[in-house]
Amino acid sequence: MSNESPRHSVSVAGVTVREDGRILAIRRADNGTWEAPGGVLELDEDPQTGVIREVFEETGVTVRVNELTGVYKNMKLGVVALVFRCERVAGTERTSAETTAVDWLTPDEVQDHMTEVFAVRVLDALDGNGPHVRSHDGRHLIPAG
C-alpha cells in the first residue's frame, strides 16, 4: 500500500437560471456533450470565484453565485464537482475555445440534451431541496449506500 494520500480533482459548475426558467448550458468543444458551464478549480481560488470565472470564460455571461445545490463524485476518475445555483448579472452569450454552443435550455431540453450525470446536476439545482450528494461512474448515477 502506498503512503501517498488519494488525490482528487475538484471542479465547479454554475446552474444559471434566467427569469423565464431557462438554464444556461454549453456544448463542450472537446467531446460535444451538453453541460452546465464549469471546470477545474484553481489551487488559489475559492469555489464561488471559480464558478464566476468558469461561467464567464465559457459563455461570456457574468453571474452571481447563490447557494450550493449539490456535490457529485465521479468514482472512476476521483473528480468531485461542486454545483451552485447562479443568476445572471451581465454579459452577452458567446462561444469560446472550450465551447461550440451556448444556449438557454428548458428543463425538458436539459433532460433531452444532457447525459444523466449532468442533467441531474441541473435538475437538482432547480428543485430547492439541496444540497444533494451523489456519486456516479461518469455515465450513470450510483445508488447511495
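As the structure is a computational prediction, the values presented were derived from the model and not from experiment. (Residues numbered from 1 in each chain as written. Predicted model: local features only at pLDDT ≥ 70, side-chain atom pairs only at ≥ 80, totals over all residues. Heavy atoms only, no water.)

It is not clear to me how the overall build of the protein should be interpreted in this structure. Could you clarify?
Check the secondary structure of the protein and you find three helices and nine strands. In terms of overall dimensions, the protein is globule-like: its C-alpha atoms have a radius of gyration of 15 Å, near the 15 Å expected for 145 residues. Seen along its three principal axes, the alpha-carbon backbone of the protein occupies a region of about 50 × 30 × 30 Å. Pairs at least 24 residues apart make up 63% of the contacts formed inside the protein by residues separated by at least 6 positions. By element, 50% of the accessible surface of the protein is carried by carbon and sulfur atoms, the whole surface being about 8000 Å². On the protein, the mean spot of the 15 positive side-chain charges and the mean spot of the 24 negative ones are 2 Å from each other. (Helix = DSSP H or I, 4+ residues; strand = E, 2+ residues; numbered from the N terminus. Rg over C-alpha atoms; globule rule 2.2 N^0.38 Å. Contact = heavy atoms within 4.5 Å. Areas by Shrake-Rupley, 256 points an atom, 1.4 Å probe, with all protein chains shown as cover. Lys, Arg positive; Asp, Glu negative; His and termini not counted. Charge placed at Lys NZ, Arg CZ, Asp CG, Glu CD.)

Looking at this structure, how should I read unusual backbone geometry?
Excluding glycine, most residues fall at negative phi; most peptide bonds, likewise, are trans. Backbone torsion omega between glycine 130 and proline 131 reads 0 degrees, so that peptide bond is classified as cis. Note that proline 131 resides in the loop between α3 (116-127) and β8 (132-136).

What's the story with the environment of arginine 53 in this structure? I'm lost.
Tracing the chain through its elements places arginine 53 in helix α1 (residues 47-59). When the C-alpha positions of arginine 53 and leucine 41 are compared, they lie 9.6 Å apart, and in sequence the two are 12 residues distant. Those residues in contact with arginine 53, other than ones at most four positions away along the chain, are Val40, Glu42 and Glu45.

Would you explain the sheet that holds strand β7 (residues 99-105) in this entry?
In a beta sheet, neighbouring strands pair by backbone hydrogen bonds and run either parallel or antiparallel. With antiparallel pairing, three strands are arranged side by side in an open sheet as β3-β2-β7. The sheet terminates laterally at β3 (34-35) and β7, the two strands that pair on one side only. Pairing of strand β2 (residues 23-28) with β3, which is carried by two bridges, proceeds in the antiparallel orientation. From the neighbouring strand, isoleucine 26 faces β3, where its bridge partner is glutamate 35. Strands β2 and β7 of the sheet are contacted by α1, whose axis makes an angle of about 65 degrees with β2. (Pairing = 2+ DSSP bridges. Axes fitted to C-alpha atoms, helices over the stretch in contact; angles between N-to-C directions.)

By themselves, these are just geometric observations and shouldn't be taken as functional.
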